[in-house]
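Close look at the chain arrangement
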Amino acid sequence: ISNSIQEKDPNTLFPLQAALGYNIAQNLFISKKNLLVEGVSDLVFLQVISGILEAENRTFLRPDITIVPTGGLDKVSTFISLLRGSNLEITCLLDTFSDPKGKAKVEDLIRNKIIQKSRIRFFDEFKNDYKHADLEDLFEKGDYIKIFNQSFTEYKDIKPEDLNSGIKRTLLQICKYLNIDRFNHYRPANQLAKLGVDAKWFNSETLKNFENVFLQINELF
């Protein structure tokens, strides 16, 4: 506590910033039903495909469910802990954990009955013979490659047959082919949203995979 009005130490603002940030965060969750996903790209993909399925009178994500990007798998456990005291329904739809620490955190939450195991779903559960999977693996490979090629014009167009079929996950196949560590996953999601395509643009396998996800997520709420 100080009488000085000339204080310039930014650390003195942290408690206030934290309180304001928490208040803002609470107001973002305007729905009683929240689906936690890893990032903004997941949010965009799910919203776009849900809209396409709705237009086809097929199963889509219930409109009373709010998709909440957490900013990474490592932050999922923090979001669950913060939200559980707000009388909100929470379900998670996540990439398969590759980080043991993140996996351990979520397992602790389940063990301590902060969230039920049945309310945490991973994308590999929707793909046969996949031990690890990302949302992008719900797309038939050719469909995702089409989106990728239109998003990254700095690379020569990739063909599905160019990729190593011995690697399961599409994202890893692309990185291996281009000899890069990773790429911006938001760009393909943003590109798909801008394209404004309908169901005819996709392989039937893609729509079936997403429809199966929405069916099971809807049932969890």
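Throughout what follows, the structure given in this document is the object of discussion.

Turning next to the sheet that holds strand S4 (residues 120-122). Pairing between the strands of a sheet is mediated by backbone hydrogen bonds and can be parallel or antiparallel. A sheet is described by the order of its strands in space; here 4 strands give the open sequence S2-S1-S3-S4, paired in parallel fashion. Edge strands, defined here as strands with exactly one partner in the open sheet, are strand S2 (65-69) and S4. Within this sheet the neighbouring strands show an average axis-to-axis angle of 25°, counted without direction. When strand S1 (residues 33-37) meets S2, the two strands line up parallel, connected through 5 bridges. Paired with Leu36 across the strands is Val68, a residue of S2. Against the sheet, helix H2 (residues 40-55) touches S1, S2 and strand S3 (89-94), its axis set at about 150° to S2. Contacts from helix H8 (residues 204-220) reach S1, S2, S3 and S4, with the element oriented near 155° to S3.

In this section: the pattern of salt bridges. Taken as a whole, this structure holds 11 salt bridges when the rule is applied. Between Lys33 and Glu89 there is a salt bridge, and its shortest N-O distance comes to 3.6 Å. Here Lys33, found in strand S1, pairs with Glu89, found in strand S3; they are 56 residues apart in sequence, far enough to count as distant. We note a salt bridge from Arg121 to Glu125, for which the minimum N-O separation is 2.5 Å.

Once that is clear, we can look at the side chain of Thr70. The topology assignment puts Thr70 in the loop between S2 and helix H3 (76-83). Judged by relative accessible area, which is 5%, Thr70 ranks as buried. What Thr70 contacts, discounting residues up to four positions off in sequence, is Leu36, Val37, Glu38, Lys75, Val76 and Phe79.

Ranked by internal contacts, the top residues of the largest apolar core, which has 44 residues, are Ile49, Leu93, Phe139, Ile174 and Phe210. When contributions to this core are tallied by element, the ones reaching two or more residues are S1, H2, S2, helix H5 (141-151), helix H6 (170-178), helix H7 (186-195) and H8. In terms of residue count, H2 provides more of this core than any other element does, 7 residues in total. Sequence-distant contacts of Ile49, defined by excluding residues within four places in its chain, comprise Phe139, Leu192, Phe202, Phe210 and Phe214. Counting residues in hydrophobic clusters, the runner-up holds 16 residues, among them Leu73, Leu83, Val106 and Ile120.

Reading guide: rules and limits
Sequence positions are assigned chain by chain, starting from 1 and proceeding in written order. Local features in a predicted model are, by the rule used here, given only for residues with pLDDT of at least 70; side-chain atom pairs are given and counted only at 80 or more, and totals for whole chains, interfaces and linings are based on all residues. Only heavy atoms go into the side-chain values, all of them from the structure, while hydrogens and water stay out. Between any two strands, at least two bridges found by DSSP are needed for them to pair. Elements are defined by DSSP. Helices are runs of H or I of four residues or more, strands are runs of E of two residues or more, and each kind is numbered from the N terminus. Fitted lines through C-alpha atoms serve as axes, helices being fitted only where they are in contact, and the angles separating the N-to-C directions of these axes extend from 0 to 180 degrees. Any two residues whose heavy atoms approach within 4.5 Å at even a single point are treated as in contact. Salt bridges, as used here, are contacts in which a Lys or Arg side-chain nitrogen is within 4 Å of a carboxyl oxygen on Asp or Glu. Partly exposed residues are those whose accessible area sits between 20% and 50% of the maximum for their type, while under 20% is buried and over 50% is exposed, using a 1.4 Å probe and protein chains only. Side-chain atoms within 4.5 Å are what join buried Ala, Val, Leu, Ile, Met, Phe, Trp, Tyr and Cys residues into a set we call a nonpolar core.

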